[in-house]
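One-letter residues, chain by chain:
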Amino acid sequence: MTPQRFSTLLAQWRQDNINATDAEEFLHAARSGHYDELLNDAIETDLDAENFKRLSKEEEKIGILQLIRKQYARPARVRFIKRPLFKYAAAILIIATVTTFLLSRGGLEDKEQPVVAKQVDVAAPGAVLATITLEDGTRINLETATEGVLASQGNVKIMKAADGRISYSGGGQDKLMYNTITVPRGSKATSIVLSDGSKVWLNAGSSLRYPVLFAENERRVEINGEGYFEITKDAKRKFLVSDGNSITEVLGTSFNVNNYADESVTTTTLLEGAVKVSADGNEFILKPGEQSVNDRKGKLSVKENINTEEVVAWKNGFFMYESADFQTIARQASRWYNVEFIFENKKAGSEIFHGTFSRDASLAELLKILELSDVKFKIDGDKVIIK
């Protein structure tokens, strides 16, 4: 690559105007070490005087460039933020963690940087640890179950496809029989195809109770945790999702339900179609991009212009935050990595972060990015202590 080409790509990067192919080319070149002077000049130009104090030592600047060259592993999604300091910090961490989690905070003070205990780490979930509990109490481990027919209940068969997806086929049941699929904390998300063809994805720490074969007049399921639904249209049978606080009624649509017990509210977010959400005599009909919020005390409200990509990021393999406090991030991370966050520093919970982070990364990789704030972390077994 010529210096002119590198300068062009660098300018596009700095202007938040670069496509994924060019971003990959730019990061490869930055890694090579041939363009350190151009990178260094750009860093100095973009950083304001106050923030540049943290990078004023030559060895610190050299260290940044060495990180770029040393830790590149494979291409990653590139996202941008406004403040130059974090743009370059994120560029390094894209490479270091094979992901991005771009922080947007106030001016960074000249403070001692936190240290993450490097000898301890928690890997991202590597397998689907879900189970299905049958009507008679029999439990099927989906990780160890082989492809094909897992069980028969009356005239209905439970099937496991080559890609791991579970489905139900058959008909002619004399009575309703229920199964429950449970996805524990620390498990990959999983999906299931119900007997009517509707698809449900379940996040870690979630469960779904559903009939083996739906009734003739309605389709009703119960969820705990978080699930994404793509409902097969059936004008004769409405689809009902109960979360213990409200009921979502649909004919055919795509939506997300979140009712984790450790969240202060339960939400239903509509992506496509239309749903009616009701609770304690109140009801709303949602349009795409709207979200119902139940405060668990009977109050139901609606939010508009919801970033639905952020809501279902978990289904697509990402943590995504438009403006989330650290407590929110910690609750999600605790379910995914099956750890407990302990906030010794109460103020840390209100820190606001913006960005996207791959759910395939380990906990330590997440903390490497969060440590750009002035919060200190310590991993102790299955506990993360926030100091």
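Residues numbered from 1 in each chain as written. Predicted model: local features only at pLDDT ≥ 70, side-chain atom pairs only at ≥ 80, totals over all residues. Heavy atoms only, no water.

*Asks:* For the overall build of the protein, give the residues involved together with the corresponding values.
*Replies:* The number of helices and strands found in the protein is 9 helices and 24 strands. The burial tally for the protein puts 49% of its 387 residues in the buried class. In the protein, the proportion of contacts linking residues at least 24 apart, taken out of those at least 6 apart, comes to 53%. Surface exposure of the protein reaches about 18400 Å², of which carbon and sulfur atoms provide 46%. (Helix = DSSP H or I, 4+ residues; strand = E, 2+ residues; numbered from the N terminus. Buried < 20%, exposed > 50% of the residue type's maximum accessible area, 1.4 Å probe, protein only. Contact = heavy atoms within 4.5 Å. Areas by Shrake-Rupley, 256 points an atom, 1.4 Å probe, with all protein chains shown as cover.)

*Asks:* Could you give an account of the pairing of strand S12 (residues 238–242), naming the residues involved and the relevant values?
*Replies:* Of the pairings in the sheet, the one linking strand S10 (residues 218–224) to S12 comprises 5 bridges and is parallel in character. Counted as the bridge partner of Val-221 is Val-241 from S12. Bridge analysis of S12 against strand S13 (residues 247–250) gives 4 bridges, and the strand direction is antiparallel. Among the inter-strand pairings, Ser-242 is bridged to a residue of S13, identified as Ile-247. Taken together, S12 and the strand that follows it, S13, pair antiparallel across an intervening segment of 4 residues, in which Gly-244 is found at a positive phi of about 90°. (Pairing = 2+ DSSP bridges.)

*Asks:* I'd like to hear about the sheet that holds strand S24 (residues 383–386), residue by residue, with values.
*Replies:* Across the sheet, 3 strands lie side by side as S21-S24-S23; this open sheet has mixed pairing. The strands lining the two open edges of the sheet, one partner per strand, are strand S21 (340–343) and strand S23 (377–380). Going from strand to strand, the sheet's axes swing by 20° on average, the running direction of each strand aside. As defined by bridge partners, S21 adjoins S24 across 4 bridges and the pair is classed as parallel. The residue of S24 that forms the bridge with Glu-340 is Lys-383. Of the strands in this sheet, S21, S23 and S24 are in contact with helix H8 (residues 326–337), which crosses S21 at around 155°. (Axes fitted to C-alpha atoms, helices over the stretch in contact; angles between N-to-C directions.)

*Asks:* Account for the pattern of salt bridges, with residues named and values stated.
*Replies:* Side-chain pairing between opposite charges can occur once the charged atoms of the two side chains come close. A complete count under the given rule lists 10 salt bridges for this structure. The salt bridge partner of Lys-276 is Glu-249, with a shortest N-O separation of 3.7 Å. Of the two residues, Lys-276 sits in strand S16 (residues 275–279) while Glu-249 sits in strand S13, which places them 27 residues apart along the sequence. A salt bridge links Asp-382 to Lys-383; its shortest N-O distance comes to 3.6 Å. A relative accessible area of 45% means that Asp-382 is categorised as partly exposed. (Salt bridge = Lys/Arg side-chain N within 4 Å of Asp/Glu carboxyl O.)

*Asks:* Describe in detail the sheet that holds strand S5 (residues 166–170), supporting the description with residues and values.
*Replies:* The mixed open sheet is built from 10 strands, whose spatial order is S3-S4-S5-S7-S8-S11-S14-S15-S18-S19. Lying at the two open borders of the sheet, with one neighbouring strand each, are strand S3 (148–153) and strand S19 (300–303). Averaged over all pairs of adjacent strands, the angle between their axes in this sheet comes to 20°, without regard to strand direction.

*Asks:* Explain the nonpolar core to me, using residue names and the numbers behind them.
*Replies:* By size, the foremost hydrophobic cluster in this structure holds 39 residues, and its most contacted members are Leu-208 and Phe-229. Looking at which element gives the most residues to this core, the answer is S16, with 3 residues. Counting residues in hydrophobic clusters, the runner-up holds 29 residues, among them Ala-124, Tyr-321, Phe-343 and Leu-370. (Core = buried A, V, L, I, M, F, W, Y, C linked by side-chain atoms within 4.5 Å.)

*Asks:* Tell me about the confidence of the model for the protein, and please be specific about residues and values.
*Replies:* Counting all residues, the mean pLDDT for the protein is 79, and 76% of those residues have values of 70 or more. Scored below 50 in pLDDT, residues 47–119 shows 161 contacts in the model against residues more than four places distant or in partner chains. (pLDDT = per-residue confidence, 0-100.)

*Asks:* Give a detailed account of the side chain of Asn-256, specifying residues and quantitative values.
*Replies:* Note that Asn-256 resides in strand S14 (residues 254–258). There is a polar contact of 3.0 Å between the side chain of Asn-256 and the side chain of Glu-226. Here Asn-256 is in contact with Glu-226, Gly-227, Tyr-228, Thr-267, Thr-268, Thr-269, Leu-271, Val-311, Val-312 and Trp-314, once residues within four sequence places are set aside. (Polar contact = N/O pair within 3.5 Å; in protein donor to acceptor, adjacent residues only side chain to side chain.)

*Asks:* Describe the packing of aromatic side chains, with residues and values.
*Replies:* Centre distance and the angle of the planes are the two values used to describe a pair of aromatic rings. Evaluated as defined, the whole model comprises 10 aromatic pairs. Summarising the aromatic geometry, the rings of Phe-319 and Tyr-321 are spaced 6.5 Å apart at their centres and angled 10° between planes, so their arrangement reads as stacked. Across the pair, Tyr-321 and Phe-319 agree in class, each one buried. The interplanar angle of 65° and the centroid separation of 5.9 Å between the aromatic rings of Phe-326 and Phe-353 together place this pair among those described as edge-to-face. Highlighted residues: Phe-326 in helix H8 and Phe-353 in strand S22 (residues 352–358), separated in sequence by 27 residues. (Phe/Tyr/Trp six-rings, centres within 6.5 Å; stacked < 30°, edge-to-face > 60°.)

*Asks:* An account of the environment of Val-311 is needed here, citing residue identities and associated values.
*Replies:* Within the secondary structure layout, Val-311 lies in helix H7 (residues 308–311). Take Val-311: its relative accessible area is 18%, and that puts it in the buried class. Along the primary structure Val-311 and Tyr-321 are separated by 10 residues, whereas in three dimensions their C-alpha atoms are 8.9 Å apart. Other than its neighbours up to four places away in sequence, Val-311 contacts Glu-226, Asn-256, Thr-269, Gln-291 and Ile-306.

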